[in-house]
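Residue-level structural notes
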Amino acid sequence: AQSVTQLDSQVPVFEEAPVELRCNYSSSVSVYLFWYVQYPNQGLQLLLKYLSGSTLVESINGFEAEFNKSQTSFHLRKPSVHISDTAEYFCAVSEMIYNQGGKLIFGQGTELSVKP
Amino acid sequence: EPEVTQTPSHQVTQMGQEVILRCVPISNHLYFYWYRQILGQKVEFLVSFYNNEISEKSEIFDDQFSVERPDGSNFTLKIRSTKLEDSAMYFCASTRGSSSGNTIYFGEGSWLTVV
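These remarks concern the structure in this document. As the structure is a prediction and not an experimental result, all values here were calculated from the model. (Residues numbered from 1 in each chain as written. Chains lettered and ligands numbered in written order. Predicted model: local features only at pLDDT ≥ 70, side-chain atom pairs only at ≥ 80, totals over all residues. Heavy atoms only, no water.)

This part is about the overall build of chain A. Across its full length, chain A holds 0 helices and 12 strands. In sequence order, chain A lays out its α and β elements as β-β-β-β-β-β-β-β-β-β-β-β. By the compact-globule yardstick of 13 Å for 116 residues, chain A fits well, its C-alpha radius of gyration being 14 Å. Overall, the C-alpha framework of chain A stretches about 45 × 30 × 25 Å when taken along its three principal axes. In chain A, of all internal contacts separated by at least 6 residues, the share reaching a separation of at least 24 is 59%. Only carbon and sulfur atoms are counted for the fraction: they give 49% of the accessible area of chain A, which is about 5700 Å². Across chain A, the centroid of the 7 positively charged side chains sits 7 Å from that of the 11 negatively charged ones. (Helix = DSSP H or I, 4+ residues; strand = E, 2+ residues; numbered from the N terminus. Rg over C-alpha atoms; globule rule 2.2 N^0.38 Å. Contact = heavy atoms within 4.5 Å. Areas by Shrake-Rupley, 256 points an atom, 1.4 Å probe, with all protein chains shown as cover. Lys, Arg positive; Asp, Glu negative; His and termini not counted. Charge placed at Lys NZ, Arg CZ, Asp CG, Glu CD.)

Right under this line is the structure:
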């Protein structure tokens, strides 16, 4: 079984400051890793994912996450946040399965609040 | 960009009533899911559906819940006799499949309030 822990339930930060949202996971099998974002009154949207290869993955809006196998972490970072980044961020894992869809196991979510 | 659509966006129902939540997954997707998020809690997997049958379900998905793909486009979640603790946001999702690394796309959710 897999589990995901997001260590911070709320992260307040000022605009243009850097931010890190922490995510740790546990699993007895290999997993894929995901970050989803939920803007107010919207559904979940994929922000970025790690499948294989380079351990650093980037999104189109400046977020990046690094897969650290030894620490079983997949922290999300952004060097300079905008007001529009205010949202809830969910880390998730999926057991590595081929030839079928998987299911996502989510963390508790981190509410990022960007203040002017 | 294709998207998963859900109806209704919000439903209030009395305890004991049956509720059907509807979803239209992305058209070329093969795997379908329901997740739920109780207010203030994490998003939880309920059930996955492939090839017209349930492929996996969680312990939350008891006999009160059922899913159906009645017409090749809609994917429904039925709760037979709602309880207060069924109040939650219910998300439908879909993916092309072939690998669990494929992106799972979520709808905007159906907020169910049981009174």
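This part covers the environment of cysteine 92 of chain B. Residue and element names in this part refer to chain B. Mapped onto the elements of the fold, cysteine 92 is located in strand E9 (residues 88–95). Residue classification places cysteine 92 among the buried residues on the basis of a relative accessible area of 0%. In this structure the C-alpha to C-alpha distance between cysteine 92 and threonine 13, which are 79 residues apart in sequence, comes to 19 Å. (Buried < 20%, exposed > 50% of the residue type's maximum accessible area, 1.4 Å probe, protein only.)

It is worth spelling out the pattern of salt bridges at this point. Inspection of the entire model under this criterion finds 6 salt bridges over all chains. Glutamate 20 of chain A is the salt-bridge partner of arginine 77 of chain A, the closest N and O atoms lying 2.8 Å from each other. Linking arginine 77 of chain A in strand E9 (residues 73–78) with glutamate 20 of chain A in strand E3 (residues 19–21), this pair joins segments that are 57 residues apart in sequence. When its relative accessible area of 27% is taken as the criterion, arginine 77 of chain A is described as partly exposed. Given the relative accessible area of 34%, glutamate 20 of chain A is considered partly exposed. Between arginine 36 of chain B and glutamate 44 of chain B there is a salt bridge; the shortest N-O distance is 3.2 Å. The class of glutamate 44 of chain B is partly exposed, set by a relative accessible area of 22%. It is possible to trace a salt-bridge network through shared partners that takes in Glu20, Glu66 and Arg77 of chain A. (Salt bridge = Lys/Arg side-chain N within 4 Å of Asp/Glu carboxyl O.)

Taken as a whole and assessed by the stated rule, the structure comprises 2 disulfides over all chains. Here cysteine 23 of chain A engages in a disulfide with cysteine 91 of chain A; their sulfurs sit 1.9 Å apart. In this structure the cystine formed by cysteine 23 of chain A and cysteine 91 of chain A twists about its S-S bond by roughly -65°; its chirality is therefore left-handed. Here cysteine 23 of chain A is found in the loop between E3 and strand E4 (24–26), whereas its partner cysteine 91 of chain A is found in strand E10 (residues 87–95), with 68 residues between them in sequence. Cysteine 91 of chain A shares its class with cysteine 23 of chain A; the two are buried. Across the disulfide, cysteine 23 of chain B is cross-linked to cysteine 92 of chain B (sulfur-sulfur distance 1.9 Å). Its S-S torsion of about -65° marks the bond between cysteine 23 of chain B and cysteine 92 of chain B as left-handed, since a negative value means left-handed. Here cysteine 92 of chain B lies in strand E9 and cysteine 23 of chain B lies in strand E3 (residues 19–24), a separation of 69 residues in the sequence. (Disulfide = S-S within 2.5 Å.)

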